[in-house]
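Listed below are the residues making up each chain.
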Amino acid sequence: MDKAHVRRGFFDLYEANQSPTAQEALERIKALYTIETAIRGQSAEVRLAMRQEHAAPLLTELHVWMIQVRTEVENASALAKALNYALNRWEALVRYTRDGHLEIDNNIAERSVRGACVGKKNYLFFGSDSGGERAAIAYSLIETCKLNHIDPQRYLHYVLERIADYPINRVEELLPWNVADKLNQPDQVTQALAA
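What counts as what
- Residues numbered from 1 in each chain as written.
- Predicted model: local features only at pLDDT ≥ 70, side-chain atom pairs only at ≥ 80, totals over all residues.
- Heavy atoms only, no water.
- Phe/Tyr/Trp six-rings, centres within 6.5 Å; stacked < 30°, edge-to-face > 60°.
- Lys NZ or Arg CZ within 6 Å of the ring centre and 35° of its normal.
- Patch = residues over 30% accessible without salt bridge, like charges linked within 9 Å, V, L, I, M, F, W, Y side chains within 5 Å.
- Areas by Shrake-Rupley, 256 points an atom, 1.4 Å probe, with all protein chains shown as cover.
- Salt bridge = Lys/Arg side-chain N within 4 Å of Asp/Glu carboxyl O.
- Helix = DSSP H or I, 4+ residues; strand = E, 2+ residues; numbered from the N terminus.
- Contact = heavy atoms within 4.5 Å.
- Polar contact = N/O pair within 3.5 Å; in protein donor to acceptor, adjacent residues only side chain to side chain.
- Axes fitted to C-alpha atoms, helices over the stretch in contact; angles between N-to-C directions.
- Parallel < 35°, antiparallel > 145°, perpendicular 65-115°, else oblique.
- Left-handed = near helix turned anticlockwise from the far one by under 90°.
- Nonpolar A, V, L, I, M, F, W, Y, C, P; charged D, E, K, R; others polar.
- Core = buried A, V, L, I, M, F, W, Y, C linked by side-chain atoms within 4.5 Å.
- Buried < 20%, exposed > 50% of the residue type's maximum accessible area, 1.4 Å probe, protein only.

**Describing the packing of aromatic side chains**
Then, in step 1: Across all of its chains, the model carries zero aromatic pairs by this definition.
Then, in step 2: The lysine or arginine in question, Arg89, covers the ring of Tyr85, its NZ or CZ lying 3.7 Å from the ring centre.
Then, in step 3: The ring of Tyr158 has Arg162 sitting right over it, with the charged end atom 3.6 Å from the ring centre.

Right, dumping it as structure tokens:
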């Protein structure tokens, strides 16, 4: 479940009419993100311990507060809608506090597929299912390169120079993470892709 989507309901409400209740919800959610900023890059064990110590109590307080506020607002109001959205998904919202491997939201995943979503109308014109399948493979390789801080163009050039003569039973050796050290990629490119 995505706290960013929960936050969006309160953000839109605050933007529309400067609701003090929506502002309080935003401040409480911001405190959770502040914790995540402090533990970013830490091991799953450290993240779990910090979330249990700091985020779990804030979430308990937020839950109690949301339930109380929900009893005080009209059923048809935008605030009731935002509260219901969060409360109906509560178990999913707090799951990240029980697993240090999980992220607080899915913004990273959404950003990584944004390119595919933006171009989806163009993908209707690949000409065939097999064309679409080939494009999916290409996109997967390119995104995998990005996740591994590898310049996709440099990687594809490297692989295309070798693949024709490469033994089929060893083709996994050409996957991005297996050839990263052979690409002679400048450090500044790696650092830029890691940012």
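Moving on, there is more to tell.
**Examining a nonpolar patch on the surface**
Then, in step 1: A contiguous nonpolar surface patch, about 470 Å² in accessible area, is contributed by Leu156, Leu160, Ile163, Ile168 and Val171.
Then, in step 2: Relative to the helices and strands, Leu156 is located in helix α9 (residues 152-162).

**Some points on the environment of Tyr166**
Then, in step 1: Relative to the helices and strands, Tyr166 resides in the loop between α9 and α10 (176-179).
Then, in step 2: Apart from residues lying up to four places away in sequence, Tyr166 is in contact with Val171, Glu173 and Leu174.
Then, in step 3: Among the polar contacts made by the side chain of Tyr166, one reaches the side chain of Glu173 at a distance of 2.7 Å.

**Observations regarding the packing of helix α8 (residues 129-147) against α9**
Then, in step 1: Two elements in contact, α8 and α9, have axes separated by 9 Å at closest approach and are oriented at 120 degrees. In this view, α8 runs oblique relative to α9, as classed from their interaxial angle. The handedness of the crossing between α8 and α9 is right-handed. Contacts between α8 and α9 involve Leu141, Ile142, Cys145 and Lys146 from the former and Pro152, Tyr155 and Leu156 from the latter.
Then, in step 2: Among the residues forming the contact of α8 with α9, the class breakdown is six nonpolar, no polar and one charged.

**Points about the nonpolar core**
Then, in step 1: Counting residues in each nonpolar core, the largest one holds 25 residues, and the members touching the most others are Phe10, Leu32, Leu59, Leu62, Met66 and Trp90.
Then, in step 2: Listing elements by their share of this core, those giving two or more residues are α1 (3-17), α2 (20-39), α3 (44-72), α4 (78-87) and α5 (90-94).
Then, in step 3: Those residues in contact with Leu32 that sit more than four places away from it in its chain are Ala55, Leu58, Leu59, Leu62, Tyr96 and Ile104.
Then, in step 4: The next biggest cluster of nonpolar side chains, apart from the first, holds eight residues, and it includes Ile150, Tyr155, Val159 and Val179.

**Comments concerning the side chain of Arg47**
Then, in step 1: With respect to the secondary-structure elements, Arg47 resides in helix α3.
Then, in step 2: The contact partners of Arg47, leaving out residues within four places of it in the chain, are Ile39, Gln42, Gly100, His101, Leu102 and Glu103.

**Section: the side chain of Arg51**
Then, in step 1: Its place among the elements puts Arg51 in helix α3.
Then, in step 2: Arg51 gets classed as buried once you look at its relative accessible area, which sits at 0%.
Then, in step 3: Reaching out from Arg51, the side chain makes a polar contact with the side chain of Glu36 at a distance of 2.7 Å.
Then, in step 4: Discounting chain neighbours no more than four positions away, the residues touching Arg51 are Glu36, Ile39, Ala56, Tyr96, Thr97, Asp99, Gly100, Leu102, Glu103 and Ile104.

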